[in-house]
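Overview (structure and organization)
Below, each chain spelled out in residue letters.
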Amino acid sequence: QVQLVESGGGLVQAGGSLRLSCAASGDTFSINVIGWYRQAPGKQRELVATINSGSSTNYADSVKGRFTISRDNAKNTVYLQMNSLKPEDTAVYYCNARVRSVYVYWGQGTQVTVSS
């Protein structure tokens, strides 16, 4: 099993920056892909960015050039640096991990609110 704990959310003005962190514990060596999803009120959860065990990254078109995902293997932590934030980035951000290409784990989520 894998446990995921997010932190770093908050309230920021449009154009500002935030960095989210996701600390993983448990069977972290078996994580294939880890990343971030978000869900805005009344909308479906959507992919934001992922990074795999080979450090290849994938981004939603809406965040390319503004968000950067990275990982610190020594700390078992994944980061999401979010720059040039927009009101439409407002959502609950969830950390997600896929283990052995089969099991999927979610964190509890962290709220990001961008004011205009």
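Keep in mind that what you see is a predicted model, and the values were worked out from it rather than measured. Position numbers for residues count from 1 along each chain, tracking the sequence in the order it is written. Given that this is a predicted model, residues contribute local features only at a pLDDT of at least 70 and side-chain atom pairs are listed and counted only at 80 or more, while totals for whole chains, interfaces and linings are drawn from all residues. Hydrogen atoms and water are omitted, and side-chain values are computed over all heavy atoms in the structure.

A look at the pattern of salt bridges
Short version of the rule: Basic side-chain nitrogens of Lys or Arg form a salt bridge, by our definition, when they fall within 4 Å of a carboxyl oxygen of Asp or Glu. Whether a residue is buried, partly exposed or exposed follows from its accessible area with a 1.4 Å probe, protein chains only, as a fraction of its type maximum: under 20%, in between, or over 50%, in that order.
Inspection of the entire model under this criterion finds 5 salt bridges. The salt bridge partner of R38 is E46, with a shortest N-O separation of 2.7 Å. Look at R38 and you get buried, because its relative accessible area is 6%. You can call E46 partly exposed: its relative accessible area is 36%. Overlapping salt bridges bring together R38, E46, R66 and D89 as one network.

Concerning the packing of aromatic side chains
Operational definition: Only Phe, Tyr and Trp rings take part, Trp by its six-membered ring, and two of them pair if their centres are within 6.5 Å. Stacked means planes under 30 degrees apart, edge-to-face means over 60, and tilted covers everything else. Here a helix means four or more residues in a row that DSSP labels H or I, a strand means two or more in a row labelled E, and each is numbered from the N terminus.
For the coordinates displayed, the defined rule picks out 2 aromatic pairs. Here the aromatic rings of Y37 and W106 are separated by 5.2 Å at their centres, their planes lie at 70 degrees, and the arrangement is edge-to-face. Taken together, the positions of Y37 in strand β4 (residues 31–39) and W106 in strand β10 (residues 103–106) put the pair 69 residues apart, joining distant regions of the chain. The exposure class of Y37 is buried, given its relative accessible area of 17%. Ring geometry for Y94 against W106: centres 6.3 Å apart, planes inclined by 90 degrees, an arrangement best described as edge-to-face. Placement of the pair is Y94 in strand β9 (residues 91–99) and W106 in strand β10, with a sequence separation of 12 residues. Since its relative accessible area comes to 15%, Y94 is described here as buried. Under the relative-accessibility criterion, W106 is labelled partly exposed at 37%.

Let's talk about the pairing of strand β3 (residues 18–26)
Put simply, the test is: DSSP bridges decide pairing: two strands pair if at least two such bridges lie between them.
Two strands pair when backbone bridges link them, and strand β1 (residues 2–7) and β3 are joined in this way by 6 bridges, in the antiparallel orientation. Across the sheet, Q3 pairs through a bridge with S25, a residue of β3. Looking at chain direction, β3 and strand β8 (residues 77–82) are connected through 6 bridges and run antiparallel. Within the sheet, the bridge partner assigned to R19 lies in β8 and is Q81.

Describing unusual backbone geometry
In this model, R100 sits at a positive phi of 55 degrees, which is unusual for a non-glycine residue. Structurally, R100 can be placed in the loop between β9 and β10. We note that S101 has phi near 60 degrees; this positive angle belongs to a residue other than glycine. Along the polypeptide, S101 turns up in the loop between β9 and β10.

Just geometry here; none of it tells us what the structure is for.
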